[in-house]
Amino acid sequence: MSNHLLSIVLFTPLAGMLILLLIPAAQKNLIRIWANVAAFAGFLVSLPLWVHFDRGNGGFQMVERGDWIPALGVKYNIGIDGVSLLLVLLTTLTGFIAILSSWNAVDRHEKSYYAMFLLQQTGMIGVFVALDFFLFYVFWEVVLIPMYFIIGVWGGPRKLYAAIKFFMYTLAGSVLMLLGILTLYFEHFNQFNFYTFEISELLKLNLPLGIQQWVFWAFFIGFAIKVPMFPFHTWLPDAHVEAPTAGSVILASVLLKMGTYGFIRFSLPLLPNASIDPWIVQTMAVLSIVAIIYGALVSLMQEDWKKLVAYSSVSHLGFCTLGIFSLNPNGIAGSVLQQINHGISTGMLFLIVGVVYERRHTRLIRDYGGLAHVMPNFAFIFAFAMLSSAGLPLLNGFIGEFTILQGAFEASRTWAAFAVTGVVLGAAYLLWVYQRTMLGQITNAKNRLLPDLSLREWAVFLPFMAWALWIGIYPKPYFDVLEKPVAQLVERVRPGYFEAQAARAQAALIDSGKETTLR
Amino acid sequence: MRHLWLIPALPFAGFLLNGIFGRRASKAVVNAIAVGSVALSFLWVVKTLLSLGGMETPHAERYFTWIESGILNVGFELAVDRLTAVMLLVVTGVGLLIHIYSTGYMAHEGGYYRFFAYMNLFMFFMLILVMANNYLLMFVGWEGVGLCSYLLIGFFFLRRSASTAANKAFIVNRIGDFGFALAMFLMVVQFGTLDFAGIYPAAAEMPAEQTAGILTAIALLLFVGATGKSAQLPLYVWLPDAMEGPTPVSALIHAATMVTAGVYMVARSSALFLQAPLAMDVVAIVGLLTAVMAATIGLTQFDIKKVFAYSTVSQLGYMVLAVGVGAFGAGIFHLMTHAFFKALLFLGAGSVIHALSGEQDLRAMGGLRKKIPLTFATLLCAAVAIAGVPPFSGFFSKDEILLAAHHHAPWMYWVGVITAAMTAFYVFRAIFMAFFGDSRGHHHPHESPPSMILPLAVLALLSLAGGFIPVPRFLEPLFPAEGAHHDFALVAVSVGAGLLGIGLAWLFYVSKPGLADSAAARLGALYRLVYNKYFVDEIYDATVVRPLIGGSRAVLWRGVDAGVIDGAVNGIAQRSRDLGILLRMFQSGNIRSYAAWVLLGSVFVLAVLGVMGGLR
């Protein structure tokens, strides 16, 4: 049983979906209840992962391996390390919350709606646990389809434009990524005379820098579009604005992390020489910093509340990619933690827009104002999410940002100095939207009688809030989980990094010792 | 274990209780929780300090490891030494008095429980700030008090000006935090730790050729943080606007405690600053300039709270000057006496405002001496203290600073003396305008309730006698006194300057009213420049805020994002579509056109082959 824990986590949502399909479409309440039960079960079965995870092991754990398409050398090979563990947990929790938040928001084609969400859960978990590149690619594409329908069917007025843009853009990226994957696949055959997509085998490849660079850029297109990195981000605001609330939550909290995860899982370890190529690293850092500042400035100016949150994602994900390409333990661990944090805080921000959208059916900031009077609890939750997103200490965002910036500073002082301005601007756009929507007098009569949060809405926010506090106050368990795999990754990309660090510390120690004896 | 954590935890418990249950609780219960938690915290401070005795070495307690990643290792660690002891007494003592005062002042305001929840939360973060034993935890308190400041400035959130002032305070402080954060990154890289106990000895042992660059950079970056929090040039602009908050907030946060955090931080980091003389000079000059500039603005304002706000900026300048010239003990001494007399000035102003049902304009006051005598008496105590009249508290602390400044560079002393004269002038100007002459308003003033008068009385006593608390001597183990000896002539000059200021204020506003207006008229443009606060807000608006907003909207968003980038994306899609439309024409379904295309194609192929010489 426990040998197949990971498979159970992976396929519980799918099983839930299959059962859901047996329920007649007219039984709307039963469909809702079942979808929530299945999603909650998906979350519950993922919790043992956290308990059984061996923190002292930097490699993959809970590995399951079997043939899938022997002719092509494709294996069903799954397993997790600390990075995947956190992202899987984020996925299972966010999936449940997204489904719970849809209770009243969706009133047509409920059955297909919930089926899409459950299918998507399996797809996303699959992306984070696959250890076979082919399997990974399959899950990567599986995720695309439900989201296409979620935006295209249950979306806003320009849903078709947004859905097609999302689909075509991401697909274009993944096709290039596929070319990269195939390059590695055939190179492996050339060098070892058998075909495989397994990561552990591909790691043994010895690739010349030129090929590594080409493959890096091919992967880059795929991952950068997904993140999205500047300047591949323009599908994101459109997709977010048109997507239903739950779709936005999943999109921001989980889907974007597939891109950053791709960099960490594939680009860095498989292409270590390209990943430390100064030109590539500089480009990545500059794109990240541009995203941080540019995303924040554009976010500042948005008139649409949801679009504002969407652009803030661009800025936050800029921190995540900057951390990755700092190529040191603080940068990468901070990046993974910040990916979780962004899932929590931006998930909350989208849910917040959803709460008022459900009541007022508008997302324009100027239609609101003074909501704190009629919805004090809601105002509190929004303030909490805002502070979490703005990186206030003792909440989650601070830990991630600080660790990333420390890593960036170790890599380059200039990067850090520029990136820190993003923290200033982050406060600006959030405080401003808070002022315009929550504070002041109620200017629009339609807002005068809005009901405050219902119990179900509280239930949607509370898990995220609890998680935000946990990470903010006691993040050590998260760093414990990440320490070994991140160290292994840094050592892979920069052999001898830790020895050099230790030697330098030793030298400093001797130095200061000499100083004191000389006195 | 002395359970230091209880000191901040008690107000935090008060915050939770009032925040969660306060809405449904009666005012008496809210009061009991809010005031009680701070009182208990104060008592716990006293008990802890008594049990710690001399505190020759810091008493530290580590509770758990907070962040452990890469080269970072930061513990949740609190500590008490003599410097923290002074701060703890000021924060919890003055904080307690202001909490008591607020129960009277806020009695008729909506959101009563919310106010006290925020105040308690503020106490929690402020205590974390002064007790933290490493920079990151100090930063937690630092950001936390900023948050509470934001919440309390914007307390009357119906007023747009209040929420705008709150945003301004938060964002300007964030600009300062930019420096603080970078300083921390640099310290981690340089020293491998953020613990005070690890950094200071290492810094002290650094050879001089290494200190110049690194330590100067660290010190200057930390000071950038301090200019935000302690409202120094060029980031002081948020503090005058912060007066939008309720008056007890101005007293507690924007006079007595939070704004002094920057001074505390520099004093705490004295080991770093002393190794960076260049940074020290910058600190001293910024402090001095801020002191003069804010004092001149204070001369011209008519809103009683604005006068005291600029006075606070100016007095903070004195403290920064003190730490900049290396007189850390004097800086902390002035921090304490200022907490007494400035809290009193604000609370007294609050009592006046309360008596006049919200009137803040000095021009609409006058003749209140008889109507609210207790308030007048206590305010007078604060005024003589801040004006540096011996033997009241401000006299001692200010003279310590001025003497140290003279020891460092005589010109700094003289600028300080001029500022002292202006200080005495603007404070007594406010007193005379409010309490002397004839009533210019249409109010029916009433004296404040005992809950407000009692704290005023206690603070009045402290303002008068607080100078006899030997703070610099108490702090000597931490900050060895420099050679500044007491020079009677220098003391006499600065006291004379203060008395001159008071005399001029009497002349202008009591004995010859009207002189002020004619003087203002004669100064013309200069007066308008100062009255309008040197147009600094307008300059920032025109050079930073507007370009940023306009550029982001027109250039970045509409231009780059929607125009260029998304234009390119949609352009590619459109070109593909156009290509498809073009190719579709070939698929017409018309047999004759297919035949024509086949023929044309064949001719083309043959032609190509022919040209290439393939047909022979």
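To be clear, the structure that these remarks concern was listed above.
All figures in this text were calculated on a predicted structure; none of them were measured in a lab.

Rules of the game
- Each residue is numbered by its place in its chain's sequence as written, counting from 1.
- Labels are handed out in written order, letters beginning with A for the chains and numbers beginning with 1 for the ligands.
- This being a predicted model, a pLDDT of at least 70 is required before a residue's local features are given, and a value of 80 or more before pairs of side-chain atoms are given or counted; all residues contribute to the totals for chains, interfaces and linings.
- Values shown for side chains rest on all heavy atoms present in the structure; no hydrogens or waters enter the calculation.
- For helices the rule is a DSSP run of H or I covering at least 4 residues; for strands it is a run of E covering at least 2, with both sets numbered from the N terminus onward.
- Residue burial is assigned from relative accessible area. The probe radius is 1.4 Å, only protein chains are included, and a residue is buried under 20% of its type maximum, exposed over 50%, and partly exposed in between.
- Contacts are assigned to residue pairs with any non-hydrogen atoms lying within 4.5 Å of each other.
- Pairing between strands is defined by DSSP: at least two bridges between them are needed.
- The term buried area denotes the loss of accessible surface (1.4 Å probe radius) that occurs when two parts are joined, taken as the sum for both partners.
- Counted as salt bridges are all cases of a side-chain nitrogen of Lys or Arg within 4 Å of a carboxyl oxygen of Asp or Glu.
- Pairs of N or O atoms within 3.5 Å make up the polar contacts considered here, provided that, within protein, one atom can donate a hydrogen while the other can accept it, and that residues adjacent in sequence are counted only when both atoms are side-chain atoms.
- Gly is placed with the polar residues, together with every amino acid not listed as nonpolar (Ala, Val, Leu, Ile, Met, Phe, Trp, Tyr, Cys and Pro) or charged (Asp, Glu, Lys and Arg).
- As a rule, the C-alpha atoms of each element are fitted with a line to give its axis, helices using only the stretch in contact, and angles between N-to-C directions run from 0 to 180 degrees.
- Roughly parallel means an angle under 35 degrees; roughly antiparallel, over 145; roughly perpendicular, 65 to 115; everything else is oblique.
- Any Phe, Tyr or Trp ring, taking Trp's six-membered ring, that has another such ring centre within 6.5 Å forms a pair; planes under 30 degrees apart are called stacked, those over 60 apart edge-to-face, and the others tilted.
- Charge-over-ring placement is defined geometrically: NZ (Lys) or CZ (Arg) within 6 Å of the ring centre, and within 35 degrees of the ring normal.
- We define a nonpolar core as any set of buried Ala, Val, Leu, Ile, Met, Phe, Trp, Tyr and Cys residues linked to one another through side-chain atoms lying within 4.5 Å.

### Some details on the overall build of chain A
If you tally the helices and strands in chain A, you get 21 helices and 2 strands. Expressed along its principal axes, the backbone C-alpha trace of chain A runs to roughly 70 × 70 × 40 Å. Buried residues in chain A amount to 65% of all 519 residues. Within chain A, counting contacts between residues at least 6 apart in sequence, those at least 24 apart form 79% of the total.

### What to know about the pairing of strand β1 (residues 59–69) of chain B
The side chains of a regular strand alternate between both faces of the sheet. Residues and elements named next belong to chain B. For β1 and strand β2 (residues 72–80), the ladder comprises 9 bridges, and the chain directions are antiparallel. Among the inter-strand pairings, Phe 64 is bridged to a residue of β2, identified as Phe 76. Between β1 and β2, which pair antiparallel and follow one another directly, the connecting turn spans 2 residues, one of which, Gly 70, has a positive phi of 55 degrees.

### Let's talk about the interface of chain A and chain B
With 65 residues of chain A in contact, the opposing surface of chain B contributes 53 residues. With both chains or domains summed, chain A and chain B bury close to 5,200 Å², and 69% of this area falls on carbon and sulfur atoms. Taken together, chain A and chain B are joined by 4 salt bridges. Across the pair A:Glu303 and B:Arg553 runs a salt bridge whose closest N-O atoms are separated by 3.8 Å. One can count 18 residue pairs in polar contact (both at pLDDT 80 or more) joining chain A with chain B. Looking at the side of chain A that touches chain B element by element, the count peaks at 14 residues for helix α18 (residues 413–438) of chain A. Split by residue class, the side of chain A that touches chain B holds 40 nonpolar, 17 polar and 8 charged.

### Let's talk about the packing of helix α2 (residues 28–52) of chain A against helix α4 (residues 110–129) of chain A
Residue and element names in this part refer to chain A. Interaxial distance between α2 and α4 falls to 10 Å at its minimum, and their mutual angle equals 10 degrees. Relative to α4, the element α2 is oriented roughly parallel. The segment α2 lies against α4, with Lys 28, Ile 31, Arg 32, Ala 35, Ala 38 and Ala 39 engaging Glu 110, Lys 111, Tyr 114 and Leu 118. In the contact of α2 with α4, the residues fall into 6 nonpolar, no polar and 4 charged.

### Brief notes about the packing of aromatic side chains
Two aromatic rings are characterised by how far apart their centres lie and by the angle between their planes. As enumerated under the stated definition, the model contains 80 aromatic pairs over all chains in all. Looking at A:Arg360, its charged tip hangs above the ring of A:Tyr368, at a distance of 5.8 Å from the centre. Positioned above the aromatic ring of B:Phe436, the side-chain terminus of B:Arg369 is 4.3 Å from the ring centre.

### Some remarks on the packing of helix α14 (residues 304–324) of chain B against helix α15 (residues 328–355) of chain B
Residues and elements named next belong to chain B. It is at 9 Å that the axes of α14 and α15 come closest, and there the two elements cross at 175 degrees. The angle between the axes of α14 and α15 places the two elements in the roughly antiparallel class. Contacts between α14 and α15 involve Ile 304, Lys 305, Phe 308, Ala 309, Ser 311, Thr 312, Gln 315, Tyr 318, Met 319, Ala 322 and Val 323 on the former and, on the latter, Phe 328, Ala 330, Gly 331, His 334, Leu 335, His 338, Phe 341, Lys 342, Leu 345, Phe 346, Ala 349 and Ile 353.

### Side note on the nonpolar core
Judged by nonpolar contacts, the single largest core of 401 residues is most densely connected at A:Phe133, A:Trp305, B:Tyr135, B:Met187 and B:Leu272. Of all the elements, helix α4 (residues 112–131) of chain B adds the most residues to this core, at 18 residues. If we ignore the near neighbours within four places in the chain, the residues touching A:Phe133 are A:Ile181, A:Leu184, A:Phe197, A:Ile199, A:Leu202, A:Phe219, A:Phe266 and A:Leu270. Counting residues in hydrophobic clusters, the runner-up holds 24 residues, among them B:Leu288, B:Leu321, B:Ala322 and B:Leu403.

### So, the environment of B:His59
All names here are of chain B. Positionally, His 59 belongs in strand β1. Aside from chain neighbours lying at most four places away, what touches His 59 is Arg 2, Leu 4, Leu 52, Leu 78, Ala 79 and Val 80. A polar contact is formed between the side chain of His 59 and the side chain of Glu 61, at a distance of 3.0 Å.

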